Amino acid sequence: MQNNTTEKLMKITIKNLSEFIPALEDCFVEMYIKRLDSLQVTITYKDSKYKTTLTNKTSIEAEYDNFVARLFA
């Protein structure tokens, strides 16, 4: 029943780690406004690209932990 032709992709560049959680919060606001079930996100920080698919069940804390773990792996 959903008539949604919106592109489900977001690209974000952050300058420091403290911007990661606010960036994710912006993604969830975007999902809510556009009534998306999922959103593909690419967050670029320095030379690293972090790609993830957010859903309504995604935990911001878990995404942050995954991001930091990949950064320092």
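One can find the structure itself at the top, above this paragraph.
Along each chain, residues carry numbers from 1 onward, in the same order as the chain's sequence is written. This being a predicted model, a pLDDT of at least 70 is required before a residue's local features are given, and a value of 80 or more before pairs of side-chain atoms are given or counted; all residues contribute to the totals for chains, interfaces and linings. Side-chain figures throughout are based on the complete set of non-hydrogen atoms in the structure, without hydrogens or water.

The next point concerns helix α1 (residues 20–34). Under the scheme used here, helices are H or I runs from DSSP no shorter than 4 residues and strands are E runs no shorter than 2 residues, and both carry numbers assigned from the N terminus. A helix's residues, less one, multiplied by 1.5 Å, set its expected span. The end-to-end C-alpha distance of α1, which contains 15 residues, comes to 21 Å, matching closely the 21 Å that a straight helix rising 1.5 Å per residue would cover. Note on classification: 1.4 Å probe, protein chains only; a residue is buried when its accessible area is under 20% of the maximum for its type, exposed when over 50%, partly exposed between these limits. All of the buried residues in α1 are Phe20, Ala23, Leu24, Cys27, Phe28 and Met31. With its buried residues spanning 145 degrees around the axis, α1 presents them on a single face. Residues of α1 that are exposed and point over 90 degrees away from its buried face: Tyr32 and Ile33. Should any heavy atoms of two residues lie within 4.5 Å, those residues are considered in contact. In the core, the buried residues of α1 are packed alongside β1 (9–14), β2 (38–45), β3 (48–55) and α2 (60–71). Arg35 sits one or two residues past α1 and shows a positive phi near 55 degrees. Our arc is simply the arc of the directions from the helix axis toward the C-beta atoms.

Attention shifts here to the sheet that holds β1. Any two strands are treated as partners once DSSP identifies two or more bridges connecting them. As summarised here, the arrangement of the three strands in space is β1-β2-β3, forming an open sheet in which the pairing is mixed. Sheet topology places β1 and β3 at the edges, where each strand pairs with a single neighbour. In this sheet, adjacent strand axes meet at a mean angle of 20 degrees when their direction is disregarded. Note that β1 and β2 share six bridges and pair parallel. Looking across to β2, one finds that Lys11 is bridged to Thr42. To get an axis, fit a line to the C-alpha atoms, keeping to the stretch in contact for a helix; angles then go from 0 to 180 degrees between the N-to-C directions. Packed onto the sheet, α1 meets β1, β2 and β3 and runs at close to 40 degrees relative to β3. Strand contacts of α2: β1, β2 and β3, with the helix running at about 160 degrees to β3, the strand carrying the most contacts.

Let's shift gears to the packing of α1 against α2. Two elements in contact, α1 and α2, have axes separated by 10 Å at closest approach and are oriented at 130 degrees. In this view, α1 runs oblique relative to α2, as classed from their interaxial angle. For the pair α1 and α2, the crossing hand works out as right-handed. Each of Phe20, Ile21, Leu24, Glu25 and Phe28 in α1 lies in contact with α2, whose residues at this interface are Ile60, Glu63, Tyr64 and Phe67. For the contact of α1 with α2, the per-class residue count stands at seven nonpolar, no polar and two charged. Orientation is classified from the angle alone, with under 35 degrees giving roughly parallel, over 145 giving roughly antiparallel, 65 to 115 giving roughly perpendicular, and any other angle giving oblique. A crossing counts as left-handed when the near helix is turned anticlockwise from the far one by less than a right angle, and as right-handed when that turn is clockwise. Polar here means any residue outside two lists: the nonpolar Ala, Val, Leu, Ile, Met, Phe, Trp, Tyr, Cys and Pro, and the charged Asp, Glu, Lys and Arg; Gly therefore counts as polar.

Take it as geometry only, folks, not as evidence of what the structure does.
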